[in-house]
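# Structural characterization, general
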Amino acid sequence: MTETLPLPHGLSTERDAGPFAPPSQIARLREARPVCPMVFPDGHEGWLVSGYEAVRQLMADTRFSSRQDLGVIHVPYETPGMPAATEPSPQMPGLFIAMDPPDHTRLRRKLTGAFTVKRMKQLEDHIVDIVERQLDELARLTPPVDLVKEFALPVPSLVICEMLGVPYADRENFQVNSAKFLVRDQELDEKMAAYGAMTTYLAELVTRKRAEPGEDILSDLARDDDLGIEELTGIAFLLLLAGHETTANMLGLGTFALLEHPEQLVELRTDPALMPGAVEELMRYLSVVDILYRYAAEDIELGGETIPEGSTVVVSMLAANHDPRRFDNPDSLDIHRKARGHLSFGHGVHQCLGQQLARIEMRAGFEGLLRRFPTLKLAIPADEVKLRTDMNIYGVHELPVTWTETAG
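Quantities reported herein were computed from a predicted structural model and do not represent experimental measurements.

## Side note on helix α8 (residues 188-211)
For α8, spanning 24 residues, the distance from its first C-alpha to its last is 34 Å, which sits close to the expected 34 Å at 1.5 Å a residue. Here α8 has its buried residues at Lys191, Ala194, Tyr195, Met198, Thr199, Tyr201, Leu202, Leu205, Val206 and Lys209. Elements that come into contact with the buried residues of α8 comprise α6 (154-164), α7 (171-181), α9 (217-222) and α10 (229-259).

See below:
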């Protein structure tokens, strides 16, 4: 297998083609062989899947397991940009994102009612109010300010805390520890310490909700006797982490991308009707959740290749979303593009449960920011923006911005 086009040991996932484009080496491999054998630094053989059609097919095929307790699947980074295989991780209760059917089906089904399109639409006005209040706070500050700290992170944190019934006053606990958990290059004990701190807090919270439930998603789940405290804690961890980290990074990185494309930013400000399509295009273009892992539970044909049972499969969502076989001129941002069909929310049984919530938050966030701050601009050169290349969810660590007149 490794004689046919192995990835070199020096394969890098660093974004050397710019802050918004796939790594040049992965882009070249996608063009040459969308389903490509690879060798990890320790000699472990696996596969890289980077073509749009192959990724879409893989995500829909549950024979590519999401479980982390099978074979070699949990793959952190030993050195910057270099994937390395480890021993199997234990199955964590409640983390249905790392489960296969029927276990995944059982837990996800308990949440589908909380995230229906109808229920999300009912929340839309309230989310707009949260955005506007945060923009009021931003307008009171003297620029330059860090847009991540003052806007991109607070908005989805406030929303998910209200939905789950997590006290917003406790945000420092979960924001700090979720950030630590997502650091790419770190020792496993450091990652597990952050995970342990969050789950200890959340176990106490769901235990209280089981005793005295309120009107929130975690209370609804706590009323379900079929779920134990460990499962409730795992579900809470997943929803809280995914509910603020992904959208926060989209708001920060998306604003950076729009500021780097000022003509399109002006179009969006003058014609808010373009915003829904622009959000889809930003999701495709930025792909903040890039590298995913699967495990071949049997021999599987994919993209003209046979992936043997037991193989670790590395999936590049960013490369797939920038595949010229699917999107014309894919490395360019185009808010007029029909980007529906992008894979940023996943595909198949693991497609993002909160995608409608994320869309509403991004539409409200970008629309409000552009309307209230018409002269918004970067306060530092673009090449000095600190990118989250060290994190498992991409974005910007900080986005210093300024404006030249009073926001209204």
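## Re the pairing of strand β10 (residues 312-316)
By the criterion of burial, β10 is predominantly enclosed, with 5 of the 5 residues buried. Along β10, one buried face is formed by Thr312, Val314 and Ser316 and the opposite face, lined by Val313 and Val315, is buried too. Of the pairings in the sheet, the one linking strand β2 (residues 45-49) to β10 comprises 4 bridges and is parallel in character. The residue of β10 that forms the bridge with Leu48 is Val314. Pairing geometry for strand β7 (residues 291-296) and β10, over 5 bridges, is antiparallel. Bridge pairing links Arg294 to Val313 in β10.

## Side note on the side chain of His350
Tracing the sequence through the fold places His350 in the loop between α13 (317-321) and α14 (355-372). A polar atom in the side chain of His350 sits 3.1 Å from the side chain of Ser66. Once you skip the residues sitting within four places of it in the chain, His350 turns out to touch Ser66, Phe96, Ile97, Met99, His104, Arg108, Arg294 and Phe345.

## Side note on a negative patch on the surface
On the surface, a cluster of negative charge is contributed by Glu263, Glu267, Asp271 and Asp334. Classification of Asp334 by relative accessible area gives partly exposed; the value is 30%.

The rules behind each value
Residues numbered from 1 in each chain as written. Predicted model: local features only at pLDDT ≥ 70, side-chain atom pairs only at ≥ 80, totals over all residues. Heavy atoms only, no water. Helix = DSSP H or I, 4+ residues; strand = E, 2+ residues; numbered from the N terminus. Expected span 1.5 Å × (residues − 1). Buried < 20%, exposed > 50% of the residue type's maximum accessible area, 1.4 Å probe, protein only. Contact = heavy atoms within 4.5 Å. Pairing = 2+ DSSP bridges. Polar contact = N/O pair within 3.5 Å; in protein donor to acceptor, adjacent residues only side chain to side chain. Patch = residues over 30% accessible without salt bridge, like charges linked within 9 Å, V, L, I, M, F, W, Y side chains within 5 Å. Areas by Shrake-Rupley, 256 points an atom, 1.4 Å probe, with all protein chains shown as cover. Salt bridge = Lys/Arg side-chain N within 4 Å of Asp/Glu carboxyl O. Lys, Arg positive; Asp, Glu negative; His and termini not counted. Charge placed at Lys NZ, Arg CZ, Asp CG, Glu CD.

By themselves, these are just geometric observations and shouldn't be taken as functional.
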